[in-house]
Amino acid sequence: QVQLVESGGGLVQTGGSLRLSCAASGRSFSDYAMGWFRQAPGKEREFVAGITRNGGSTNYGDSVKGRFTISRDNAKNTVYLQMNSLNIDDTAVYYCARRRLISWSWEDDRQYDSWGQGTQVTVSS
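Reading guide: rules and limits
- Residues numbered from 1 in each chain as written.
- Predicted model: local features only at pLDDT ≥ 70, side-chain atom pairs only at ≥ 80, totals over all residues.
- Heavy atoms only, no water.
- Helix = DSSP H or I, 4+ residues; strand = E, 2+ residues; numbered from the N terminus.
- Buried < 20%, exposed > 50% of the residue type's maximum accessible area, 1.4 Å probe, protein only.
- Contact = heavy atoms within 4.5 Å.
- 1 Å grid on protein atoms, 1.4 Å probe; cavity = no way out; pocket = protein on both sides within 12 Å on 5 of 7 lines; lining within 4 Å.
- Points joined across faces, edges and corners; volume = space filled by probe spheres on them.
- Nonpolar A, V, L, I, M, F, W, Y, C, P; charged D, E, K, R; others polar.
- Core = buried A, V, L, I, M, F, W, Y, C linked by side-chain atoms within 4.5 Å.
- Salt bridge = Lys/Arg side-chain N within 4 Å of Asp/Glu carboxyl O.

Comments concerning the environment of serine 85
So, step 1. Tracing the backbone shows serine 85 in the loop between strand 8 (78-83) and strand 9 (92-99).
So, step 2. Take serine 85: its relative accessible area is 45%, and that puts it in the partly exposed class.
So, step 3. Spatially, the C-alpha atom of serine 85 lies 30 Å from that of glutamine 3, the residues being 82 residues apart in sequence.
So, step 4. Here serine 85 is in contact with Gly15, Gly16, Ser17, Arg67 and Asp90, once residues within four sequence places are set aside.

Structure follows, in structure tokens:
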């Protein structure tokens with residue numbers, strides 16, 4: 001198992017920006033694709049963004065495409081989520097997750113084997 005710790009959440013105004021970080025402990029961070037999910041009150045956990053092992057390819061959920069950018073720095077064992085043009089619908093707990101080595105879907109949360117504790121993002125009107 002790997003420990004994932006999210007940070008950077010907080011309160012932001014509508015239209016503003018926020019950058020989340022996810023720091024991973026342990027070895028072999030660069031062997032794994034990573035993803036971000038979020039869960040808002042009354043809603044199921046939703047795929048936000050994913051990134052391949054070396055950052056060469058990314059994938060985004062429809063609700064954030066064009067506004068959010070996922071990136072990673074393997075030397076720092078860290079994955080980031082840059083969130084721009086935030087609106088109140090982006091309010092959620094955001095989770096960092098490690099993708100399974102053997103997987104076939106970005107969006108299916110069953111394809112991830114380790115999760116952080118989450119960080120709260122609140123967007124005010």
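A few points about empty space enclosed by the protein
So, step 1. One pass over the full model with this rule turns up 1 cavity of 30 Å³ or more.
So, step 2. Here the largest cavity is characterised by a volume of approximately 40 Å³.
So, step 3. As for the largest cavity, its lining consists of Val2, Ala24, Ser25, Arg27, Ser28, Phe29, Tyr32 and Arg98.
So, step 4. Classifying every residue of the lining of the largest cavity gives 4 nonpolar, 2 polar and 2 charged.

Things to note about the nonpolar core
So, step 1. Core analysis: the biggest nonpolar cluster contains 27 residues, and Trp36, Val79, Leu81, Met83 and Tyr94 have the highest contact counts within it.
So, step 2. For this core, the elements supplying multiple residues, two or more each, are strand 3 (18-24), strand 4 (34-39), strand 5 (46-51), strand 7 (68-73), strand 8, strand 9 and strand 11 (119-124).
So, step 3. Of all the elements, strand 3 adds the most residues to this core, at 4 residues.
So, step 4. The contacts of tyrosine 94, once residues within four sequence positions are left out, are Glu6, Leu20, Trp36, Phe37, Arg38, Val48, Phe68, Leu81, Met83, Gly118, Thr119 and Val121.

Re the pattern of salt bridges
When the charged atoms of two side chains with opposite charge come close together, those side chains can pair.
So, step 1. One pass over the structure, following the stated rule, counts 6 salt bridges.
So, step 2. Note that arginine 67 and aspartate 90 form a salt bridge whose closest N and O atoms lie 2.7 Å from each other. One end of the pair, arginine 67, is in the loop between strand 6 (58-60) and strand 7; the other, aspartate 90, is in the loop between strand 8 and strand 9, with 23 residues separating them in the sequence. Across this residue pair, the class does not change: arginine 67 and aspartate 90 are buried.
So, step 3. Salt-bridge contacts for arginine 110 lead to aspartate 108; the nearest nitrogen and oxygen are separated by 3.1 Å.
So, step 4. Judged by relative accessible area, arginine 110 falls into the exposed class, the value being 62%.
So, step 5. Residue classification places aspartate 108 among the buried residues on the basis of a relative accessible area of 15%.
So, step 6. Put simply, Arg38, Glu46, Arg67 and Asp90 are held in one network by salt bridges that share partners.

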